[in-house]
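The primary structure of each chain is shown beneath.
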Amino acid sequence: AQSVTQPDARVTVSEGASLQLRCKYSYSATPYLFWYVQYPRQGLQLLLKYYSGDPVVQGVNSFEAEFSKSNSSFHLQKASVHWSDSAVYFCALSPTGGYKVVFGSGTRLLVSP
Amino acid sequence: EAAVTQSPRNKVAVTGGKVTLSCNQTNNHNNMYWYRQDTGHGLRLIHYSYGAGSTEKGDIPDGYKASRPSQENFSLILELATPSQTSVYFCASGDAGQGRAEQFFGPGTRLTVL
């Protein structure tokens, strides 16, 4: 069975600091991988996706993520966070690019001034 | 602008009552999904659809029905609502199977069953 683990339920960083949100997945092959962001009282919005190729993928708003097959990970990074980045971030995988998407439990990011 | 909209945005229902949540998408996607979001669980798939007239069970379908009368519309029906169905419900659309697995979400419906 496929699964996604986000080990940090909450992360607090100072504005201007760098950020890494961790994501580990379990799947026998290379899945399609995603990061979504959810702002208060809104639906999820796609930040970035990985299908194949370059393991470092760029997303919106200067976010990037790095896929590691050896570590079964897809960590999200940003060089300098802004207060507006405060939100809940979800890592997700799709085993075959089909209908099924498995979501992690989310990481709540708080950016302090 | 392509979008996924949901109605109502907030709903209070009584135990045993019938609740219908509606979703409309203008993305022209074949696939549509209903999820519920609860603290600590992320998103869990209730029902999904490959196109008009089709509905399929997701991971937690018990107590829910779905209806897809057209490409654009997908409803979630709670025939006999229970307090355990208090949650935030999200509809999504996507083109899974076309090499694109990302989904596009509506703003959510907050349902409270008293």
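Residues numbered from 1 in each chain as written. Chains lettered and ligands numbered in written order. Predicted model: local features only at pLDDT ≥ 70, side-chain atom pairs only at ≥ 80, totals over all residues. Heavy atoms only, no water.

Caption draft 1: Molecular detail of the overall build of chain A. What chain A contains, in helices and strands, is zero helices and twelve strands. Computed over the C-alpha atoms, the radius of gyration of chain A is 13 Å, within 12% of the 13 Å expected from 2.2 N^0.38 for a compact globule of 113 residues. By the burial criterion, 46% of the 113 residues in chain A qualify as buried. When the accessible area of chain A is evaluated, it comes to approximately 5400 Å², of which 48% is carbon and sulfur surface. (Helix = DSSP H or I, 4+ residues; strand = E, 2+ residues; numbered from the N terminus. Rg over C-alpha atoms; globule rule 2.2 N^0.38 Å. Buried < 20%, exposed > 50% of the residue type's maximum accessible area, 1.4 Å probe, protein only. Areas by Shrake-Rupley, 256 points an atom, 1.4 Å probe, with all protein chains shown as cover.)

Caption draft 2: Representation of the nonpolar core. Core analysis: the largest hydrophobic core is formed by 27 residues, its most contacted members being A:Leu19, A:Trp35, A:Leu47, A:Leu48, A:Phe74, A:Leu76 and A:Tyr89. At the level of elements, strand S2 (10-14), strand S3 (19-21), strand S5 (32-38), strand S6 (44-50), strand S8 (64-68), strand S9 (73-78), strand S10 (87-94) and strand S12 (107-112) of chain A are the ones that each hand at least two residues to this core. Per-element tally for this core: the top contributor is S10(A), with four residues. A:Phe74 has contacts with A:Cys23, A:Leu33, A:Phe34, A:Trp35, A:Leu48, A:Tyr50, A:Val57, A:Ala65, A:Glu66, A:Phe67 and A:Cys91, leaving out every residue within four places of it along the chain. A:Tyr36, A:Val101, B:Val88 and B:Phe105 belong to the second largest nonpolar core, which has 20 residues in total. (Core = buried A, V, L, I, M, F, W, Y, C linked by side-chain atoms within 4.5 Å. Contact = heavy atoms within 4.5 Å.)

Caption draft 3: Structural context of the interface of chain A and chain B. Residue-level contacts link 21 residues of chain A with 23 residues of chain B. Roughly 1700 Å² is buried in total at the junction of chain A and chain B, and carbon and sulfur atoms are behind 54% of that figure. Interface area lost by chain A to chain B is led by A:Arg41, A:Tyr99 and A:Phe103, which between them contribute 34%. Along the contact surface separating chain A from chain B lie two salt bridges. (Buried area = accessible area lost by both parts, 1.4 Å probe. Salt bridge = Lys/Arg side-chain N within 4 Å of Asp/Glu carboxyl O.)

Caption draft 4: Representation of the sheet that holds strand S8 (residues 73-78) of chain B in the model. Residue and element names in this part refer to chain B. Spatially, the four strands line up as an open sheet ordered S1-S3-S8-S7, and their pairing is antiparallel. One side of each edge strand has no neighbouring strand; the edge strands of this open sheet are strand S1 (4-7) and strand S7 (65-67). Shown here is a sheet whose adjacent strand axes are inclined to one another by a mean of 20°, direction ignored. (Pairing = 2+ DSSP bridges. Axes fitted to C-alpha atoms, helices over the stretch in contact; angles between N-to-C directions.)

Caption draft 5: Looking closely at the pattern of salt bridges. Counted under the stated rule, the structure contains seven salt bridges over all chains. A salt bridge links A:Asp85 to A:Lys78; the nearest nitrogen and oxygen atoms lie 2.8 Å apart. A:Asp85 sits in the buried class, given a relative accessible area of 0%. Put simply, B:Arg36 and B:Asp38 hold a salt bridge, and the shortest N to O gap is 2.8 Å. You'll find B:Arg36 and B:Asp38 in the same group, each marked buried.

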